Amino acid sequence: MTSRSWTRGATLAAFALLASLVTLVDGCGRQLVGGVTRAPELALTSTASSPTPGQMFKLTATALAGSTVSLEALRWTSSDPSIVALDTSAGPTVMAHAVAAGHAVITAGAGATSGSLTITVLASVGNVEIDGPTSLDLGAAATYSATVTDGTGAAIAGASASWVANGSVQLSNPLQTLGATVKIRAVSLGAGAVTASAGGRVGQIAVRVSIGAGGALTVTPADGSAAPSMLAVGQMLDVQATFAGQNGIKAVGSTATWTATGGCTAVDQTGGRARVTGSTAGSCTVTASAMGVMGTATFTVVGITGVKIKGDASALQLGASTDLTAVALAGTTEVPTVPVTWSQDGPHVANVSVDGNVATATGVVVGTATLTASVGPLSASTPCVVVPGSLALTADAVRLLSGGSATVTVTPKGTGSVAGKFTSATGVSLAGAMGFTTVGPATLTSDGLVTFALTGATAGSPTVTATYGTLTSNALAFTLTTVGSVTVNGPNGPVRIGSPIDLTLDVRDAQGMPIAGGVGASWSDPTGVLTLPATTTGFSTTATVAKLGDAMLVATVRGVASAVYSIPGVPNELDITSFSPASVSVGGTATITVKILDTNGVAVPGVPATAVTAVADDPTKVSVSAAVAMGDGFQFTATGLAATSSTGALVTATWTGGTEVVMSAAVPLVVTP
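Residue positions are given per chain, counting from 1 as you read along its sequence in written order. Reporting in this predicted model follows two pLDDT cut-offs: at least 70 for local features of residues, and 80 or more for side-chain atom pairs to be given and counted; totals over whole chains, interfaces and linings ignore these cut-offs and use all residues. For side-chain calculations, the full set of non-hydrogen atoms in the structure is used, while hydrogens and water are omitted.

## Thoughts on the overall build of the protein
Our working definition: A run of H or I in DSSP counts as a helix once it spans at least four residues, and a run of E counts as a strand once it spans at least two, with each numbered from the N terminus. Radius of gyration here uses only the C-alpha atoms, and the compact-globule reference equals 2.2 Å multiplied by the residue count raised to the power 0.38. Accessible area is worked out with a 1.4 Å probe on protein chains only. A residue is then buried under 20% of its type maximum, exposed over 50%, and partly exposed in between. Any pair of residues with heavy atoms lying within 4.5 Å of one another is described as a contacting pair.
Secondary structure summary: the protein contains zero helices and 67 strands in total. The globule rule puts the C-alpha radius of gyration for 673 residues at 26 Å, and the 47 Å found for the protein is more than 25% above it. Considering only C-alpha atoms, the protein reaches an extent of 120 × 90 × 60 Å along its principal axes. For the protein, the proportion of its 673 residues judged to be buried stands at 43%. Excluding contacts between residues fewer than 6 apart, the proportion of contacts in the protein whose partners are at least 24 apart in sequence is 56%.

If you want it as structure tokens, here you go:
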């Protein structure tokens, strides 16, 4: 059945007009250049197919897939500017002006690439009439034609229309929107419309798409996966009703009604979708009905009796990955569509990512955990063992003094020799440390490494190795040596009296190689600025800053003394009181007290008065006397010399010890006339 529809005197609504393919093409849409066939690179689009004189419209060039043409370099020309004039002539988009009735070929090009489009300017348009079927089967295609007439009703020769299809129909080729005819395809069920426009006039025809005599309705999983043959009791499956039309076109039956018989129920019906739940063991049939057509799906509902894990569950190297698949069991039958939950018990040895029922485990820490797959109360487990690919053995020093000690560290390495961690020191052992009187137990550090303490070196140990399982580390060679130099390391700047400071020794042999600790070191500071133990059993200690002054620390190891380590001890702060009184007249006096405090807030004894001074920021208005010892502090007397502002003159106390200076806060003294 065909129908002719037209609209007289209607104005053009805003329709999106898509691209018209380049001219000079063969029957397959390929461009012919110099006798050689190649795919077109450029398509031209016009916002008006058949404009009338005086109408402005836009022309746009689009590069097709695989094109290398620069749109910014395009140059545009009109074959007849008296019919279609171009306001601009370069770039991907230009504006055009319909001048007079006739035909003009618009060309855009850059280099060897060009495209063209014929624009027909109509003197006037009376109507646009469309011929084509008003009903289509789903997936079917049909050709629609447009006749453009003038004010007298006569057809205008050569006039083309711009086409738009919406609703249940669409253009078979979205790029072919201009012409006297167009091919339309039915893509969904229900109402649609085909519209043609030319010269400001519009014609439209309504199209109804139905399933048709050859259509079928199927029930499938809503996520597009393959339909399962089995459902578990309690398992839910979302399904949808889908119409299958011609040419592989499908559409959801949005008005479907659902029934379920046997061992399942259908709930949560929403248009073309429903949720099926397995209720009792046995056969289940789900039926959808829509538009007079029925579709069914049949499942076997089973009870789940267990869970099985499949895949390579052997030891996993650090950094490597393996896939494990869990599947629910009904007796011995696998039911792969039942969702499974994964968990990891014990230490976190692997990162586990889950995709459906597949768990991908990547080893991150050496150790053993358990991976468990669960379906409700049922579960299956498999050990997840992560092992290193290699072991690296290091030591804080390999050249030792007789009786000295060293610490060796075992680091697990994975793929690409990336360092890893242990979850436990169990299984890590050390061999070959024959030159030591004591080899401590394997100890797990806070950063996941394993260490051994070697003490009492009596001889060299040329081949010390660590083992874990079947792996053996690199070998370390320990040798005995003598002290060549001793260097004290500590804070670089002044230290506050009362505070602790950490000191370490860098001990090296005659070849300049570092020597590990574990032997005695003696410490002395004749100045008494630092309080520290006379001897230590290692190459480090903590000293306390006991008094003000410059420390002169010397450390000695096996008769070799260090250079003097000098560091100044300074006050933690200077505590200064407010002036009493806070205001004096010219010639009047006021006093302040200053105390030298340590880090505990206790006054430091024995500070000479000459080391403490106080001064005003404006000595022409306030003068300050020398310090006078008063109990555990120092008193200063200030005299008003001239009137100050209401904020007063600021007085600051200073402690000076050699090159070091510590200042107090500033306190004001107001002097009135």
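## A closer look at the sheet that holds strand β10 (residues 102-110)
Hydrogen bonds between backbone groups are what pair the strands of a sheet, and the pairing can be parallel or antiparallel. To be explicit about the condition: Here, strands pair whenever DSSP counts at least two bridges between them. Interaxial angle, 0 to 180 degrees, is taken between N-to-C directions of lines fitted to C-alpha atoms, where a helix line uses only the stretch in contact.
Ordered by their spatial adjacency, three strands build an open sheet running β7-β10-β11, and the pairing between neighbours is antiparallel. Each having just a single partner strand, β7 (75-78) and β11 (113-121) make up the two edges of the open sheet. On average, adjacent strands in this sheet sit at an angle of 20° to one another, irrespective of strand direction. The pairing of β10 with β11 spans nine bridges and is antiparallel. Along β11, the bridge assignment pairs Ala 104 with Ile 119.

## Re the layout of surface pockets
For the record, the criterion: Detection works on a 1 Å grid of protein atoms alone, calling trapped sets that fit a 1.4 Å probe cavities and calling open sets with protein on both sides within 12 Å along at least five of seven lines pockets, with lining residues defined by an atom within 4 Å of a point. Grid points are joined across faces, edges and corners, and a volume is the space filled by probe spheres set on the points. Put simply, Ala, Val, Leu, Ile, Met, Phe, Trp, Tyr, Cys and Pro go in the nonpolar bin, Asp, Glu, Lys and Arg in the charged bin, and everything else, Gly too, in the polar bin.
There is about 230 Å³ of room inside the second largest pocket. Taken together, Asp 223, Ser 225, Ala 226, Pro 228, Gln 235, Met 236, Leu 237, Asp 238, Arg 275, Thr 337 and Pro 339 make up the full set of residues lining the second largest pocket. Class assignment for the residues of the lining of the second largest pocket results in five nonpolar, three polar and three charged.

## Some thoughts on the nonpolar core
Put simply, the test is: Definition of nonpolar core: a set of buried residues of the types Ala, Val, Leu, Ile, Met, Phe, Trp, Tyr and Cys, connected through side-chain atoms within 4.5 Å.
Counting residues in hydrophobic clusters, the biggest one holds 55 residues, and the most contacted among them are Leu 503, Leu 505, Leu 530, Val 557, Ile 596, Val 607 and Trp 655. Not counting residues up to four positions away in its chain, the partners in contact with Ile 596 are Leu 548, Pro 571, Glu 573, Leu 574, Val 602, Ala 603, Val 604, Val 607, Val 612, Phe 634 and Trp 655.

## Brief notes about the confidence of the model for the protein
Basically, it comes down to this: pLDDT: the predictor's confidence for each residue, scored from 0 to 100.
Confidence in the prediction for the protein averages 89 pLDDT; 94% of positions are at 70 or higher. A low-confidence stretch, residues 1-39 stays under pLDDT 50, and its non-local contacts, those more than four residues away or across chains, total 93 contacts.

## Some words on the environment of Thr 672
Note on placement: Thr 672 falls in strand β67 (residues 660-672). Its relative accessible area of 32% is what places Thr 672 among the partly exposed residues. For the pair Thr 672 and Val 340, spaced 332 residues apart in the sequence, the C-alpha separation amounts to 88 Å. Ignoring any residue separated from it by four or fewer positions in sequence, one finds Thr 672 in contact with Ser 583, Val 584, Ser 585, Val 586 and Ala 643.

## Some remarks on the state of the cysteines
Chemically, a disulfide is nothing more than a covalent bond linking the sulfur atoms of two cysteines. Spelled out, the test is: In plain terms, two cysteine sulfur atoms within 2.5 Å form what is called a disulfide here.
Under the counting rule described, the total for this entry stands at one disulfide. Two residues share a disulfide in this structure: Cys 264 and Cys 284, whose sulfurs sit 1.7 Å from each other. Looking down the S-S bond of the Cys 264 and Cys 284 bridge, the torsion is 65°, so its handedness is right-handed. Taken together, the residues span a long stretch of sequence, with Cys 264 in strand β26 (residues 264-270) and Cys 284 in strand β28 (residues 282-290) at a distance of 20 residues. Of the two residues, Cys 264 and Cys 284, neither departs from the other in class, the shared state being buried.

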